[in-house]
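What follows is the residue order along each chain.
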Amino acid sequence: MAAASGSLAYSVLTAGETAAALKDLARLRIAVFADWPYLYEGDAAYEAGYLARFAASPGAVIVAARDQDGRMVGAATAAPLADHAAEFASPFARAGLDPGDFFYLAESVLVPDFRGQGAGRAFFDMREAEARAQGYSRSVFCAVIRPDDHPARPAAYQSLEPFWRRLGYQPLAGLVAEFSWRDRGEAGESVKPMQVWSKML
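Predicted model, so just to flag it, every value in this text is computed and none were measured.

What to know about the overall build of the protein chain
Step number 1: Looking only at helices and strands, the protein chain has five helices and eight strands in total.
Step number 2: Its helices and strands in sequence order give the protein chain the pattern β-β-α-α-β-β-α-β-α-β-α-β-β, from N to C terminus.
Step number 3: In summary, the protein chain has a C-alpha radius of gyration of 16 Å against a globular reference of 17 Å for 201 residues, a match within 12%.
Step number 4: Overall size of the protein chain, expressed as C-alpha extent along the three principal axes, is 40 × 35 × 35 Å.
Step number 5: The buried share of the protein chain, reckoned over its 201 residues, is 46%.
Step number 6: A separation threshold of at least 6 residues defines the contact pool for the protein chain, and within that pool the share at least 24 residues apart is 70%.
Step number 7: With the model as given, the accessible surface of the protein chain reaches about 9800 Å², and the carbon-plus-sulfur share is 53%.
Step number 8: Each charge sign in the protein chain was given a centre, from 20 positive and 24 negative side chains, and these centres are 3 Å apart.

Printed below as a string of structure tokens:
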């Protein structure tokens, strides 16, 4: 599947293209997730391990966004929830839900110069299409929960929750995953709560 919007071209990478794209995906994750609300202190070794586990899933999907020069400036990933990190699947099992019923939309990352051109919707639409093609009827993602008074919160920050709701997603009450990473300025990793959002496809 391929599409174009504004100055960006989108494509779902083939299995043969995925391995070659992991270095670009790691670069984008480190750059974009350094900002609020993730504040991620990027680590190349961590990225290599995380992305290798992701790519090992037979159902893994990478949507690449490329500029007019063919440079990858954004990406979105997804995989069956049962194949993803146990930290994300375990809250479903505890709630009596089968992780095998859900397709997990992992990350969407885009460099700032290309925001506002419809990439967010394209990333969701193309991953949801892949979920349906693999036989899934529910998609989910997780969003980090940060306190409103967090000292690193930008004064002009606008939550993405209204956008997610327009796409049909709703938070699943009581379903909160926990995942660890190192915030910028932290000496080590700390556990972050992440709200699960879901949609019927």
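On we go.
Quick look at the packing of aromatic side chains
Step number 1: Enumeration according to the criterion identifies 17 aromatic pairs in this entry.
Step number 2: Ring geometry for Phe-141 versus Trp-164: centroids 4.9 Å apart, planes at 65°, classification edge-to-face. Separated by 23 residues along the polypeptide, Phe-141 in strand β6 (residues 138-144) and Trp-164 in helix α5 (residues 161-166) bring together distant segments of the chain.
Step number 3: Judged by relative accessible area, Phe-141 falls into the buried class, the value being 5%.
Step number 4: Three or more aromatic residues joined by ring pairs form one cluster here, namely Phe-124, Phe-141, Phe-163, Trp-164, Tyr-169 and Trp-197.
Step number 5: Directly above the aromatic system of Phe-124 lies the positively charged group of Arg-127, at a separation of 5.0 Å from the ring centroid.
Step number 6: The ring of Trp-181 carries the charged tip of Lys-192 above its face, separated from the ring centre by 4.7 Å.

A short note on the environment of Val-63
Step number 1: Relative to the elements of secondary structure, Val-63 occurs in strand β3 (residues 61-66).
Step number 2: Exposure remark for Val-63: the relative accessible area of 0% places this residue in the buried category.
Step number 3: In sequence terms Val-63 and Leu-22 are 41 residues apart; their C-alpha atoms lie 12 Å from each other.
Step number 4: In this structure Val-63 touches Ser-11, Val-12, Gly-74, Ala-75, Ala-76, Phe-123, Met-126 and Arg-127, once residues within four positions along its chain are discounted.

Examining the packing of helix α1 (residues 15-32) against helix α2 (residues 44-55)
Step number 1: For the pair α1 and α2, the least separation of the axes is 10 Å and the interaxial angle reads 135°. The angle between α1 and α2 places the two elements in the oblique class. α1 and α2 meet at a crossing whose hand is right-handed. On the side of α1, the interface is formed by Thr-18, Leu-22, Leu-25, Ala-26, Arg-29 and Ile-30, while α2 contributes Ala-44, Tyr-46, Glu-47, Tyr-50, Leu-51 and Ala-55.
Step number 2: When the residues that make up the contact of α1 with α2 are grouped by side-chain class, the tally is nine nonpolar, one polar and two charged.

Conventions used here
Residues numbered from 1 in each chain as written. Predicted model: local features only at pLDDT ≥ 70, side-chain atom pairs only at ≥ 80, totals over all residues. Heavy atoms only, no water. Helix = DSSP H or I, 4+ residues; strand = E, 2+ residues; numbered from the N terminus. Rg over C-alpha atoms; globule rule 2.2 N^0.38 Å. Buried < 20%, exposed > 50% of the residue type's maximum accessible area, 1.4 Å probe, protein only. Contact = heavy atoms within 4.5 Å. Areas by Shrake-Rupley, 256 points an atom, 1.4 Å probe, with all protein chains shown as cover. Lys, Arg positive; Asp, Glu negative; His and termini not counted. Charge placed at Lys NZ, Arg CZ, Asp CG, Glu CD. Phe/Tyr/Trp six-rings, centres within 6.5 Å; stacked < 30°, edge-to-face > 60°. Lys NZ or Arg CZ within 6 Å of the ring centre and 35° of its normal. Axes fitted to C-alpha atoms, helices over the stretch in contact; angles between N-to-C directions. Parallel < 35°, antiparallel > 145°, perpendicular 65-115°, else oblique. Left-handed = near helix turned anticlockwise from the far one by under 90°. Nonpolar A, V, L, I, M, F, W, Y, C, P; charged D, E, K, R; others polar.

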